[in-house]
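Structural characterization, general
Listed below are the residues making up each chain.
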Protein chains: 2
Amino acid sequence: MSQYWSAVVHGLTPYVPGEQPRLPNLIKLNTNENPYGPSPKVLEALREQVADSLKLYPDPTSAALRQAIAQACGVTVAQVFVGNGSDEVLAHTFQALLNHEGPLLYPDITYSFYPVYCGLYGVTGREVPLDEQFRIRIDDYIQATDAGAVIFPNPNAPTGIPLPLSEIERLLKARPDMPVVVDEAYVDFGAESAIKLVPHYPNLLVVHTLSKSRSLAGLRAGYAIGNVALIEALNRVKDSFNSYPLDRFAQAGAAAAMADTAYFEHTRQAVIRTREHLVAGLNAMGFEVLPSAANFVFARHTQRDGADLTAALRARSIIVRHFKNPARIAPFMRITIGTDEQCQALLDALKEILA
Amino acid sequence: MSQYWSAVVHGLTPYVPGEQPRLPNLIKLNTNENPYGPSPKVLEALREQVADSLKLYPDPTSAALRQAIAQACGVTVAQVFVGNGSDEVLAHTFQALLNHEGPLLYPDITYSFYPVYCGLYGVTGREVPLDEQFRIRIDDYIQATDAGAVIFPNPNAPTGIPLPLSEIERLLKARPDMPVVVDEAYVDFGAESAIKLVPHYPNLLVVHTLSKSRSLAGLRAGYAIGNVALIEALNRVKDSFNSYPLDRFAQAGAAAAMADTAYFEHTRQAVIRTREHLVAGLNAMGFEVLPSAANFVFARHTQRDGADLTAALRARSIIVRHFKNPARIAPFMRITIGTDEQCQALLDALKEILA
């Protein structure tokens, strides 16, 4: 607390990212990173950027990257916005598109950065409870006539549960008066993207990241797809904040990742296969696992506490993520899908712990 | 304009960065980049980052980079904040430290991003005119008893004129009630840094970039040095905005750049020498050149208009920057210091144009 702080700072409760421990031989299943490294073509593109040209500013419009994204997503370049990871894209989205007179609605159990953004930009947020099966009930959003905007992840986090595209379209159709943001950080692991709805609904913005399905958490690139008017709002805010949020590496590496469809397909299918094995193993051990379309599962044991199990795994050098709040999810662990070997090691450790 | 925009978006006038044309054989003296590439040690550190580990998030606290900056600047790690270029550092500073009841003061001729940040965060800005010699008059800031905060670059941009440290200290001493931000993007080219005052003045924040004197415009890294309470405010805002604004390349490359003192000294002295030659050449041709301590000069010809000369240079594939507004600086060109060869080419072209 200081007399020099702007008023907004006093009220902030910053987001706490999953820890990034630097321990050897750790099995790190806590921050939903991809167990497979980036495509060799990405590494090649990055190598080319190690050059004298780093003395020059990068392209402030990230034109080549936006072109690669447009191509991969089947949209026009003018429908693409890029940022320094999807967290920066979301931050700009909260400021540019989600601050209205009516409250912003989001699930009570969801990505915990949303209320933080609300605090940063003075957006009034309102939590909408998930149903008893931890599912988003789209009717709750349709019927909230005072709402100014909506945001939710699909699949939701940390549950991993996907929403059918027909449900999202039902919301878009019923509420053309408000922006609807679908945060698809994990969509490539089994849910259906709303990008195909963008041409039909001017109030839809879809947000993606390259940190998960493109194996580039260390590079910081994310994007949004939407109607050109929504993209213009994001560009206005971005150009009033930082002209060059993506450095030369991020622009080149992300463009190469979007172009390498074969590698992307191969690794995401591998993650999906491993998830199915992991779920079967967990079920066999007495865990309830929510139906996941993400690169993580959300699981609780019928007899044992989530915090206890997380600590016991940690003692065996396996890190998963546990959320104390809200109380309803405290029994769960969020487990990132690693390699087959990592997931087997997790199952072996749990067997030991539960014995 | 769209019904889906937040109110703030309608009023924004985004910053327009200097153009980044992709033409061959261009002499690019328009965005104050360093004519020399980054240190070989930086390139080596960057090469090591081209690896499988890009699948993992970078360190959210940029600890190694902050350590390297602390070492280079003679401060503690807790006094260092890092961001995605000094533009992001400045954006967070406007939101975290410069939004007070009294207006934020800055020079009427200065970095044109300041009023843009004010618009983005609802900060009330008030321009303070430079004197007749385009100098900052520190007494104007001391005597503005209603002011909530102050920011100015030292050396100022686009004039290049430095302010003696004693003047800055006079302000800090007279106005301990308000934050004072000194934006030292260009300080390494001949002005005196206020970092040494940080231990004595809890209201002082000093902002630096690695885009200019460290030859890393393409990598996006900047930092702020100040009292731990000021740094805490910046971290709270950063952690409410984006956990990982610096990717693995930016963290590793910037740390290596801060550590290579010899290369830094060598290249900045080369730029200073070239500047002195360029100034002499321009003077000999009838230009008035403001006394510059930066890696650019601000020059006007007694007979010829700044916009005309800029266009004539452009026709000869030499790009400099011209500002139409305010009217008082329209006669000037801002010329980045290039290599000796580039500056000679500029002088030759001007000779032709003026003939």
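Since the structure is predicted, the reported quantities are computational estimates derived from the model, not experimental observations. (Residues numbered from 1 in each chain as written. Chains lettered and ligands numbered in written order. Predicted model: local features only at pLDDT ≥ 70, side-chain atom pairs only at ≥ 80, totals over all residues. Heavy atoms only, no water.)

Residues and elements named next belong to chain A. Assigned domains within chain A: domain 1 (18–37 + 262–354) and domain 2 (40–259). On a C-alpha basis, the centroid separation for the pair domain 1 and domain 2 is 25 Å. Opposite the 28 residues of domain 1 that make contact, domain 2 presents 26 residues. Summed over both sides, the interface of domain 1 with domain 2 buries roughly 2100 Å², with 62% coming from carbon and sulfur. For the domain 1 face of the interface with domain 2, the top three residues by lost area are Phe264, Ala293 and Arg328, together amounting to 29%. With a closest N to O distance of 4.0 Å, aspartate 108 and arginine 328 form a salt bridge. Linking domain 1 with domain 2 are ten residue pairs in polar contact (both at pLDDT 80 or more). (Domains from an automatic or database assignment. Contact = heavy atoms within 4.5 Å. Buried area = accessible area lost by both parts, 1.4 Å probe. Salt bridge = Lys/Arg side-chain N within 4 Å of Asp/Glu carboxyl O. Polar contact = N/O pair within 3.5 Å; in protein donor to acceptor, adjacent residues only side chain to side chain.)

Residues and elements named next belong to chain A. Under the criterion given, the structure shown has 34 salt bridges over all chains. One salt bridge in this structure joins lysine 28 and glutamate 33, with 2.8 Å as the shortest N-O distance. Classification of lysine 28 by relative accessible area gives buried; the value is 16%. A relative accessible area of 5% means that glutamate 33 is categorised as buried. Each of Glu132, Arg137 and Asp140 takes part in a single network of salt bridges with overlapping partners. (Buried < 20%, exposed > 50% of the residue type's maximum accessible area, 1.4 Å probe, protein only.)

Let's shift gears to the relation of the copies chain B and chain A. Relative to chain A, chain B is turned by 180° and slid 0.0 Å along the rotation axis, the superposed coordinates differing by an RMSD of 0.0 Å. The two molecules are tied by a two-fold rotation axis, judged by turn and shift. Looking at the interface residues of chain B, 100% of them are also at the interface in chain A, so both copies use one shared face. (Least-squares fit on C-alpha atoms with pLDDT ≥ 70 in both.)

All names here are of chain A. A full pass over the atoms with the stated rule returns 28 aromatic pairs over all chains. An angle of 20° between the planes, with centres 4.5 Å apart, marks the rings of tyrosine 57 and tyrosine 244 as stacked. You can see tyrosine 57 sitting in the loop between helix H2 (40–48) and helix H3 (63–73) and its partner tyrosine 244 sitting in the loop between helix H8 (228–238) and helix H9 (248–259), a full 187 residues away along the chain. Of the two residues, tyrosine 57 and tyrosine 244, neither departs from the other in class, the shared state being buried. Note on phenylalanine 94 and tyrosine 117: the rings are 4.9 Å apart at their centroids and 40° apart in plane angle, and the pair reads as tilted. One end of the pair, phenylalanine 94, is in helix H4 (residues 85–97); the other, tyrosine 117, is in helix H5 (residues 114–121), and 23 residues separate them in sequence. The burial state of phenylalanine 94 is the same as that of tyrosine 117; both residues are buried. (Phe/Tyr/Trp six-rings, centres within 6.5 Å; stacked < 30°, edge-to-face > 60°. Helix = DSSP H or I, 4+ residues; strand = E, 2+ residues; numbered from the N terminus.)

This part is about unusual backbone geometry. Backbone torsion omega between Asn325(A) and Pro326(A) reads -10°, so that peptide bond is classified as cis. Within the secondary structure, Pro326(A) is located in the loop between strand S11 (318–320) and strand S12 (332–336). A cis amide bond links Ala157(B) with the next residue in sequence, Pro158(B), at an omega value of 0°. In the Ramachandran plot, Ser215(A) falls in the positive-phi region, its phi being about 60° despite a non-glycine side chain. With respect to the helices, strands and loops of the structure, Ser215(A) is situated in the loop between strand S7 (204–209) and strand S8 (222–226). The phi dihedral of Ser317(A) is positive, around 65°, even though this residue is not glycine. Looking at where Ser317(A) falls in the secondary structure, it is placed in the loop between helix H11 (306–315) and S11.

Each partner contributes to the interface: chain B provides 85 residues, whereas chain A provides 85 residues. Together, the buried faces of chain B and chain A total about 6800 Å²; carbon and sulfur atoms form 57% of this surface. Together, Tyr4(B), Tyr57(B) and Phe241(B) form the three largest contributors to the area buried by chain B at its contact with chain A, with a combined 13%. Linking chain B with chain A are zero salt bridges, by the criterion used here.

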